[in-house]
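What the coordinates show
Here is what each chain is made of, one letter per residue.
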Amino acid sequence: MPSLKYQPGEKVMGRWPGSSLYYEVKVLGFDSKSRLYTVIYKDGTELELKEQDIISYLSFQARTRSRSNSRSPGRRRSRSRSPARTTRRSSSRTAAAASAAITESAPSSHGDAKLKRAPEVKLSPLPQEKKPTENSSNNKHEKKEENNTASKEIQPDAKAEADPEKNLGRYNLRRRKDDGEAKAAEAKTEQQVKEAKASAALAVTGPTPASPRLDFGGKIGAFFWTLFLPAWVLFLLLQVNRKDPSLANFPPPLPPLQSFWDPQALGFVVLWILFQALLYVLPVGKLSEGVLLRSGRRLKYRTNGFFAVLVSAAVVAAAVYQGADLTYIHSHFLQLTTASFLIAMLLSIYLYVRSRSTSPDERALGGNSGNMIYDFFKGRELNPRIKEFDLKFFCEMRPGLIGWCLINFAMALAEMKQQKLDAPSSSMILVNVFQLLYVVDGLWNEEAILTTMDLMHDGFGYMLAFGDLVWVPFTYTLQAHYLVSHPNPLSLPVLSAIVTLKLVGFYIFRKSNSEKNAFRRNPSDPSLSHLKTIPTATGKSLLVSGWWGVVRHPNYLGDLIMALAWSLPCGFSHILPWFYMIYFIILLVHRDSRDMNECRRKYGSAWDEYCRTVRYRIIPRVY
Ligand SMILES: NC(=O)c1ccc[n+]([C@@H]2O[C@H](COP(=O)([O-])OP(=O)(O)OC[C@H]3O[C@@H](n4cnc5c(N)ncnc54)[C@H](OP(=O)(O)O)[C@@H]3O)[C@@H](O)[C@H]2O)c1
Ligand SMILES: CC(C)CCC[C@@H](C)[C@H]1CC[C@H]2C3=C(CC[C@]12C)[C@@]1(C)CC[C@H](O)C(C)(C)[C@@H]1CC3
């Protein structure tokens, strides 16, 4: 093949289709008819690439080196000529991908060099940061040059991404013949890839991370949600004790102002949070490592949630035995909610104020829009800590979650008192046991929370503080709360059917979550060897059979089935106890689409292939 630019066996950098990422690949051959090169990635993925999507390894290195050596940071951003730049788009997302490309290629071949190379990738253009630099005429030129490049080179890519089918038509993604080998290779590279990603992310954000895009309706949306969410909680709570709770009762007659406030209720809430904080800091249980951060650090988390729930249960039982009247929780629900809201609000203000003095690599990508209300709502700091005390992790897993079970239990006692029963009703028992199982399961598998979206990506601000301290304990308990004054006797067959449904949901939820966790921890786990996978250029594979071959979010399916089983014991007389189900559908559909976008960005064509193979998102053949 004398006229070929790249020879078989040559090590080059190949662009991952549909993305701006370049990876180290080996040329396997060239098809003169289609004029495509067949290349193989390090994880065994074979692709056919156009010549324009390949760059020689040496010039790739030379370009990244020359950029870092010869230019000031301001100029680097706008004048870099790396291959990444060829796919520059006018979004920070592109800059992110482009930067990732450079660093992700580095660790596999240069080992320790990866973190040192991180500053290099700041060279990638960040179009949203077009600050004037030294020479204005130069800048004009640079701007023009960028725009030209954009119009020449960006559009085909944008189209390909918008239309994955086309993208796949252009490139032929083949699975590696020996999948076992791919899995073993994946196990080896996973750590490197994670570290490279962290380096890349650091590079992407640069000194001042800017939000990629505004969720939740942007600035106006954030303002709206900040006011609407507490108002909605109030509405639900004013409805639940009514004889005929209905959404049509809007606006509800407001109770006198003093019924919202009770210093004793505030005292109890503060005590509960302090008690949970004490259990959290006790040196009991495992110290688990979180994901690698942009700062290159890994945080440690005390995952002793199961211990915390056991001690809490023992303390509550002892208090009841000593004569404590837990029905106080039912009779002072509004005051307890107000107190928790006050704490959530103060915490959010504290979080916002302290985030102003945190270093940029400690900030979340999503909460740094520059708009005060949006950033307050979304949260700026990723992992706010007071010494070793992680505020986000603690709030998400402890006071609200365990408080949810405590409130449910109090509702069971309140039901017995109000309806003069010797034991809670069967509906109340079902709701209590079902939700207790859910919480205990979450705390038992507490380590898994470290890789959820909230912990990895979302800042800690009003949304999560309010969600964890008010929304979860005071709205997730609506079914039990409703049953206190709206009895719904169940026949044995109905009860059995609901229990079966809950078990089915729980089985799907737990099995699918465990399957993915096990696979992510050890892709060559022998117990998973029967599963089919799709390799991706990041070194990670995607499960395409087993639970993750049924739908793309089998864990959400299980969670939704469980939610159904939580509402069914309340019957169909009112919509109020169905609120959780309705809210949960909206939350998970929104979460699924956020995750889809993120995975498409991470995995490019491999993700599209996964979506073509597994066509439904959450419910087989429906959605
Ligand atoms: N009760 C509530 O209020 C509530 C609210 C929200 C969520 N939840 C529950 O919390 C749990 C965690 O949910 P989550 O939203 O964080 O998302 P998740 O479904 O646990 O995680 C999504 C991630 O899994 C990986 N993945 C996706 N498809 C895969 C495949 N085919 N093979 C291997 N890995 C794949 C991807 O990450 P990587 O490839 O980077 O690993 C993706 O980003 C769920 O069970 C959910 O039901 C409960
Ligand atoms: C409308 C807003 C106020 C929404 C706020 C959302 C949060 C309340 C949720 C986001 C992620 C959720 C979550 C759990 C609880 C509720 C959230 C924090 C969770 C801790 C519940 C127990 C489960 O077992 C879980 C650990 C899988 C789960 C993780 C996600």
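Each remark here, short or long, concerns the structure printed above.
Keep in mind it's a predicted model, so treat the numbers as computed, not measured.

Bringing the packing of aromatic side chains into the picture now. Inspection of every chain in the model, using the stated rule, returns 42 aromatic pairs. Note on tyrosine 280 and phenylalanine 389: the rings are 5.0 Å apart at their centroids and 90 degrees apart in plane angle, and the pair reads as edge-to-face. Residue tyrosine 280 is located in helix H9 (residues 263-281), and its partner phenylalanine 389 is located in strand S9 (residues 389-390); the two are separated by 109 residues in the primary sequence. Ring geometry for tyrosine 476 and tyrosine 583: centres 5.8 Å apart, planes at 55 degrees, overall tilted. Separated by 107 residues along the polypeptide, tyrosine 476 in the loop between helix H18 (462-475) and helix H19 (478-485) and tyrosine 583 in helix H23 (residues 579-603) bring together distant segments of the chain. The class for tyrosine 583 is buried, based on a relative accessible area of 14%. In this structure, arginine 385 is placed above the aromatic ring of tyrosine 301, and the distance from its NZ or CZ to the ring centre is 4.9 Å.

Before going further, it helps to examine the site of ligand 2. Neighbouring residues of ligand 2: 14 residues in total, closest Glu396, Gly442, Ile449, Asp454 and Asp468. Taken by itself ligand 2 offers 640 Å² of open surface, and the protein chains cover 86% of this. Looking at the shell around ligand 2, the elements with two or more residues in it are helix H14 (391-397), helix H16 (426-444) and H18. Examining the composition of the shell around ligand 2, we find that 4 residues originate from one element, H18, more than from any other. Residues belonging to the shell around ligand 2 are distributed by class as follows: 8 nonpolar, 2 polar and 4 charged.

All right, on to helix H24 (residues 605-613) then. Count 3.6 residues to each turn of an α-helix, and residues three or four apart come out pointing the same way. Of all the 9 residues making up H24, 7 are buried; the element is thus mostly covered by neighbouring parts of the structure. Along H24, the residues that are buried comprise Ser605, Ala606, Trp607, Asp608, Glu609, Tyr610 and Cys611.

Here the focus is the site of ligand 1. By nearness alone, 26 residues border ligand 1, and Tyr556, Asp559, Asp595, Lys602 and Tyr603 come closest of all. At a separation of 2.7 Å, an oxygen atom of ligand 1 approaches a polar side-chain atom of arginine 520. If you list the elements that add at least two residues to the shell around ligand 1, you get helix H20 (492-521), strand S11 (541-543), helix H22 (554-567), H23 and H24. The biggest single contributor to the shell around ligand 1 is H23, with 8 residues. Classifying every residue of the shell around ligand 1 by side-chain character gives 15 nonpolar, 4 polar and 7 charged.

Here strand S6 (residues 286-292) pairs with strand S7 (residues 298-303) via 5 bridges, running antiparallel. For serine 288, the partnering residue across the bridge sits in S7 and is tyrosine 301. Once S6 ends, the chain turns through 5 residues before running back antiparallel as S7, passing glycine 296 with a positive phi of about 85 degrees.

Looking now at helix H10 (residues 305-321). Look at H10: 24 Å from first C-alpha to last across 17 residues, which is about the 24 Å you get at 1.5 Å a residue. Looking at H10, one finds that the buried residues are Gly305, Ala308, Val309, Ser312 and Val316. For H10, the angular spread of the buried residues around the axis is 95 degrees, confining them to a single face. Looking at the packing, one finds that the buried side of H10 touches H9, S7, helix H15 (399-418) and H16. Phi for glycine 323, located one or two positions after H10, is positive at around 100 degrees.

Procedures and definitions
- Residues numbered from 1 in each chain as written.
- Chains lettered and ligands numbered in written order.
- Predicted model: local features only at pLDDT ≥ 70, side-chain atom pairs only at ≥ 80, totals over all residues.
- Heavy atoms only, no water.
- Phe/Tyr/Trp six-rings, centres within 6.5 Å; stacked < 30°, edge-to-face > 60°.
- Helix = DSSP H or I, 4+ residues; strand = E, 2+ residues; numbered from the N terminus.
- Buried < 20%, exposed > 50% of the residue type's maximum accessible area, 1.4 Å probe, protein only.
- Lys NZ or Arg CZ within 6 Å of the ring centre and 35° of its normal.
- Near = heavy atom within 4 Å.
- Areas by Shrake-Rupley, 256 points an atom, 1.4 Å probe, with all protein chains shown as cover.
- Nonpolar A, V, L, I, M, F, W, Y, C, P; charged D, E, K, R; others polar.
- Polar contact = N/O pair within 3.5 Å; in protein donor to acceptor, adjacent residues only side chain to side chain.
- Pairing = 2+ DSSP bridges.
- Expected span 1.5 Å × (residues − 1).
- Arc of directions from axis to C-beta.
- Contact = heavy atoms within 4.5 Å.

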